[in-house]
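A look at the structure
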Amino acid sequence: MPSKYGVNVELYNGSLKPYEINNKRPIAIVGDDDKIEAGLHIFSTVEDAIKEVQKGTIKNALDDLKACGIHTQVILSAFKPSTNSDTDAKKQENLTSCLEAIDALKKAENVVMAKAKFIAAPEYNDSGVYEKLKQVGEYLRAVYAIEVDADNETKATAAVKTLQTKTAIITYQKVIRVDKAVRPLSMFLIALYAKVMAETEYGFSQTFSNKVIGGITGIVDTVEFIQGVDCEADRLRSEGITVAFIDDGIRAWGGETRDEDFTSLHTYVIFYTAIETIFKAQKSAIDKRMRDVLKNVVDSLEAFYRRLVANNVAVGFEVTVPSDLNTNETISEGKIYIKHKVQEMPLLKNITNRIYRVTEYSQVLIQEL
């Protein structure tokens, strides 16, 4: 209680609320293992996780990450493989367990104090798995991997015909790991994207496409890639399927979505990262007096976008508090609408060189005499 007479001093924090980008991007692996207890687990490194598993799809996926040499936090959503002797029943039981394990990732932040930013359920190829990954991926604003069951362009294109995805990396190829094991491509692409994002504070604005994939030495399901003409790699990419081909190393080619709003995964990752940053920064303003915090909220938001522009994440922005949205009624109810207009930095995806053969420089030959 302040004193009744004399001098009182009250200290307030009038500085801008920092918008800190969360660069923690744990990789969540959903799958079966015959050793680790069913449920959610978290490990500081891939190597620590490998020590706790024994045999199953989780162990296989962890070996993929280890081959890539990635250092990251790993979340495991594990289940015990079915022991049913009936093949069809066993498959259905494992599928049901897989769907439940994917759904369990929604609670990971409360259970293991970490939120998955990459999700994969390798070796579980089923439309039900695709839809559950999509649901949880959108819920967590995470990138997830889908492995369609195909071995050529025609089958792969048919397999994705009904899929609508925003942040999915869709693959179908099998590749050869450094230890000669034949593996799905998906975990290697997840590791590549995670590495790209971890390189800098603003790595989330980079893409994994056209970068060399670590951890593999060959491709089983090869894809035609020819510069300057229509080819399999480009056609698959336009269908939202990411492929690998050999060109100065084994490279990833993709990052397109199967979404009607935004065609690039890169766009969603940028805006989802911005949204999460805004959520975290602005939540402290809730239930404060409007005059105390509103200007700080807007000024801090503009400072955040200026950082994005300065670091080539965004091209430009405008933040306003429009009067047509903020009426007397909405303001008196404690509701404020802030309008953001933002353009992300586009990726260069095509260069067209126009070369004209001319004769107008022929006189140069005479001038040289």
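Structure's up top.
Everything in this summary refers to the structure shown in the same document. (Residues numbered from 1 in each chain as written. Predicted model: local features only at pLDDT ≥ 70, side-chain atom pairs only at ≥ 80, totals over all residues. Heavy atoms only, no water.)

Before going further, it helps to spend a moment on the pattern of salt bridges. Between side chains of opposite charge, a pair can form as their charged atoms come close. Inspection of every chain in the model, using the stated rule, returns 20 salt bridges. The closest approach of N and O atoms between Lys295 and Asp299, which form a salt bridge, is 2.7 Å. With Lys295 and Asp299 both in helix α10 (residues 290-310) and 4 residues apart, this pair spans about one turn of that helix. Residue Lys295 is classed as exposed on the basis of its relative accessible area of 61%. Here the salt bridges share partners, and the residues they tie into one network are Asp64, Glu123, Arg177, Asp179 and Arg183. (Salt bridge = Lys/Arg side-chain N within 4 Å of Asp/Glu carboxyl O. Helix = DSSP H or I, 4+ residues; strand = E, 2+ residues; numbered from the N terminus. Buried < 20%, exposed > 50% of the residue type's maximum accessible area, 1.4 Å probe, protein only.)

It is worth spelling out the sheet that holds strand β7 (residues 174-177) at this point. Where strands meet in a sheet, backbone hydrogen bonds hold them as pairs that are either parallel or antiparallel. Read across the open sheet, the 3 strands follow the order β8-β7-β9; overall the sheet is antiparallel. Across the chains shown, the open sheet's two edge strands, defined by having one partner strand only, are β8 (182-184) and β9 (216-219). When strand polarity is set aside, the average angle formed by the axes of neighbouring strands in this sheet is 40°. In this structure, β7 lies alongside β9, joined through 3 bridges in antiparallel fashion. By the bridge assignment for β9, Val175 is matched with Ile219. Across the sheet, helix α7 (residues 186-198) is in contact with β7, β8 and β9; its angle to β8 comes to roughly 65°. (Pairing = 2+ DSSP bridges. Axes fitted to C-alpha atoms, helices over the stretch in contact; angles between N-to-C directions. Contact = heavy atoms within 4.5 Å.)

The subject of this paragraph is the side chain of Arg177. For Arg177, the position within the fold is in strand β7. A polar side-chain atom of Arg177 sits 3.5 Å from the main-chain carbonyl oxygen of Asn60. Separated by 2.9 Å, the side chains of Arg177 and Asp179 make a polar contact. Setting aside its immediate chain neighbours within four residues, Arg177 contacts Asn60, Asp63, Asp64, Ala67, Arg183, Phe188, Gly215, Ile216 and Thr217. (Polar contact = N/O pair within 3.5 Å; in protein donor to acceptor, adjacent residues only side chain to side chain.)

Scope: geometric values only; no functional claims are made or implied.
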